[in-house]
Amino acid sequence: HNDLEKIVLPEYPKVAQLRETFARTGVLGTMMSGSGSTVFALCESAPEAERVRDEVRNAIPDPNLEFWITRFSSQGVRVSLTTNG
């Protein structure tokens, strides 16, 4: 749930279009992330994610639209910082 969707989606049709296009591909779910700079979709597998990416890319031929495919991690994210000195 993202409360900002009800404000951002009506004001930014491209963000709404991206979310709706993801939804039409049959993904497990799609949602705006944060304040709207990112929309994500959940897929069952990497091949499914690639199919969805290709469908959305064909439906919205915008050269500024970027896609990333990643996988879930049950371990969370760990960031290590090192310093020189």
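Keep in mind the model is a prediction, meaning the values are calculated, not measured.

*Asks:* Lay out the environment of Ser-74 in plain terms, naming residues and giving numbers.
*Replies:* Counting through the fold element by element, Ser-74 comes out in the segment after α3 (46-59). Residues Ser-74 and Cys-43, spaced 31 residues apart in sequence, show a C-alpha to C-alpha distance of 16 Å.

*Asks:* Which residues make up the packing of helix α2 (residues 13-24) against α3, and what values do they have?
*Replies:* Contact geometry for α2 and α3: axes closest at 10 Å, N-to-C directions at 135 degrees. By the angle class used here, α2 and α3 are oblique. Along this stretch, α2 crosses α3, giving a crossing that reads as right-handed. On α3, the residues that touch Leu-18, Thr-21 and Phe-22 of α2 are Val-52, Val-56 and Ala-59. For the contact of α2 with α3, the class distribution of residues is five nonpolar, one polar and no charged.

Procedures and definitions
Residues numbered from 1 in each chain as written. Predicted model: local features only at pLDDT ≥ 70, side-chain atom pairs only at ≥ 80, totals over all residues. Heavy atoms only, no water. Helix = DSSP H or I, 4+ residues; strand = E, 2+ residues; numbered from the N terminus. Axes fitted to C-alpha atoms, helices over the stretch in contact; angles between N-to-C directions. Parallel < 35°, antiparallel > 145°, perpendicular 65-115°, else oblique. Left-handed = near helix turned anticlockwise from the far one by under 90°. Contact = heavy atoms within 4.5 Å. Nonpolar A, V, L, I, M, F, W, Y, C, P; charged D, E, K, R; others polar.

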